[in-house]
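# Inside the fold
As a plain string of letters, each chain reads:
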Amino acid sequence: MFGVHFFWITSRAAGIAALLLASAAVGFGLVMSGRLVKGRTQDLRPVHEALSLATLVALGVHAFALLGDGFLHPSLADVTIPFASGYQRFWQTVGIVGGWMLVILGLSFYARARIGVQRWRRLHRFTALAWVLSVGHSLGEGTDAGRVWFLAATGMVVLPTLWLLIERHAGALVAPPTERADAA
Amino acid sequence: MPLPPPTLPRPPADRRIAAERAREQRALRVGQLRNQVIAAALATFALAFGLVAFDGSMGSQAATSAASAGSGAAVSGSSAQPPATDDLGELDELDDGQSQQFAPDGGPAPVTSSQS
């Protein structure tokens, strides 16, 4: 039915799913770390974890489905190594760097005992940067970036998360030193 | 007036059973939450697939045919159409301006299109 476009459509759909799931995962993470929800907060962590793992699966499909595309014919290096691809090199690199950061920082959760919990927490904050890169990649290179449905779906998930992120950092910046010490 | 009997602490076995039950309930709830997230992720993917397939741009079919045919026709943008094979003879009859639009150097012109 979709013929030669099957892998292309699959990759794009997985990219959109990855963006929405990552936004939700980062949003849940910010809600958890900011202690913005009272009661049943123990349910947030498994949701955050499941969303993160689903994001990684969608990211894998997004990258590797492209290998089957008969038009672009990207190599494995093109979809995994920054600056390797000649197609939209800047945004492709932004996406690859963001993707690798999400993979490494996400899976580091399972090695946090080895890394050290405090150090892992500091590292884990860079997930927000990886998410910002992935949003940039999708808006800069995404084929559907101009579609109304894409902008509506993305806005519904990305904007609240962005607001939480700004709130978090603005709060950290304006909080008095004693409060910051307590939060840390 | 006799004092009420002091509240006895629950025996350890009861506490163990209660804790075990609470753990089981939590595991069940976590499992349900995970299943809901997986279902939501699959639904998101399916919806995105449908939207991309039926509403998203699939790139220029004209550009694809021009590239595969190697006809040397320059195609810019999705609205451009490569000349049909039968029409190639007519290109010679066009004036210079029009023919240069298709083959500026007389050689193979670059195909400027992308799968979008």
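Refer to the structure printed above.
## Comments concerning the overall build of chain B
A tally of regular secondary structure across chain B gives four helices and zero strands. Reading chain B from its N terminus to its C terminus gives the helix and strand order α-α-α-α. Taken across its 116 residues, chain B has 15% of its residues classed as buried. Put simply, of all contacts in chain B between residues at least 6 apart along the chain, 53% involve residues at least 24 apart.

## Notes on the overall build of chain A
Each helix and strand in chain A was counted, giving nine helices and zero strands. Counting from the amino terminus, helix and strand elements in chain A follow one another as α-α-α-α-α-α-α-α-α. Relative to a compact globule of 184 residues, whose C-alpha radius of gyration would be 16 Å, chain A shows 18 Å and is just as compact. Considering only C-alpha atoms, chain A reaches an extent of 60 × 40 × 30 Å along its principal axes. Looking at chain A as a whole, 35% of its 184 residues qualify as buried. Sequence separation of 24 or more characterises 68% of the internal contacts of chain A that already satisfy a separation of 6 or more.

## A look at helix H1 (residues 6-33) of chain A
Residues and elements named next belong to chain A. With 28 residues, H1 extends 40 Å between its outermost C-alpha atoms, agreeing within 8% with the 40 Å of an ideal straight helix rising 1.5 Å per residue. Of all 28 residues in H1, 23 are buried, a share of seventy percent or more. Arg35 lies just past H1 and shows a positive phi near 50 degrees.

## Observations regarding the packing of helix H4 (residues 89-107) of chain A against helix H7 (residues 127-141) of chain A
All names here are of chain A. Direction vectors running N to C along H4 and H7 enclose 150 degrees, while the axes themselves pass 8 Å from each other. Between H4 and H7, the crossing angle belongs to the class labelled roughly antiparallel. The way H4 lies across H7 gives a crossing that is left-handed. Mapping the contact onto sequence places Trp91, Gln92, Val94, Gly95, Val97, Gly98, Gly99, Met101, Leu102 and Leu105 in H4 and Thr127, Leu129, Ala130, Leu133, Ser134, Gly136, His137, Gly140 and Glu141 in H7. By residue class, the composition of the contact of H4 with H7 is nine nonpolar, nine polar and one charged.

## Points about the nonpolar core
Inside soluble globular proteins, nonpolar side chains tend to come together where they are buried. In terms of nonpolar packing, the biggest core is built from 42 residues, with Ala13(A), Ala17(A), Leu21(A) and Ala58(A) touching the most fellow members. Elements represented by at least two residues in this core include exactly H1, helix H2 (44-65), H4, H7 and helix H8 (148-174) of chain A together with helix H1 (12-55) of chain B. When residues of this core are assigned to their parent elements, the largest contribution, 16 residues, is made by H1(A). When near neighbours in sequence (up to four residues on either side) are disregarded, Ala13(A) contacts Phe45(B), Ala48(B), Phe49(B) and Val52(B).

## Digging into unusual backbone geometry
Residue and element names in this part refer to chain A. Even without being glycine, Phe83 reaches a positive phi, approximately 70 degrees. Turning to its location among the elements, Phe83 is positioned in the loop between helix H3 (76-80) and H4. Among the residues examined, Phe83 registers 11 C-beta atoms within 10 Å and is labelled exposed. The backbone of Gln88 shows a phi angle near 45 degrees, a positive value even though the residue is not glycine. With respect to the helices and strands, the residue Gln88 is situated in the loop between H3 and H4. The partly exposed category is assigned to Gln88, around which 14 C-beta atoms lie within 10 Å.

## Things to note about the interface of chain A and chain B
Contact residues are listed per partner, giving 25 residues for chain A and 21 residues for chain B. Elements with a contribution of two residues or more to the side of chain A that touches chain B: H1 and H2 of chain A. Residues belonging to the side of chain A that touches chain B are distributed by class as follows: 18 nonpolar, three polar and four charged.

Reading the values: the criteria
- Residues numbered from 1 in each chain as written.
- Chains lettered and ligands numbered in written order.
- Predicted model: local features only at pLDDT ≥ 70, side-chain atom pairs only at ≥ 80, totals over all residues.
- Helix = DSSP H or I, 4+ residues; strand = E, 2+ residues; numbered from the N terminus.
- Buried ≥ 20, exposed ≤ 12 C-beta atoms within 10 Å, placed from the backbone.
- Contact = placed C-beta atoms within 7 Å.
- Rg over C-alpha atoms; globule rule 2.2 N^0.38 Å.
- Expected span 1.5 Å × (residues − 1).
- Axes fitted to C-alpha atoms, helices over the stretch in contact; angles between N-to-C directions.
- Parallel < 35°, antiparallel > 145°, perpendicular 65-115°, else oblique.
- Left-handed = near helix turned anticlockwise from the far one by under 90°.
- Nonpolar A, V, L, I, M, F, W, Y, C, P; charged D, E, K, R; others polar.
- Core = buried A, V, L, I, M, F, W, Y, C linked by C-beta atoms within 7 Å.

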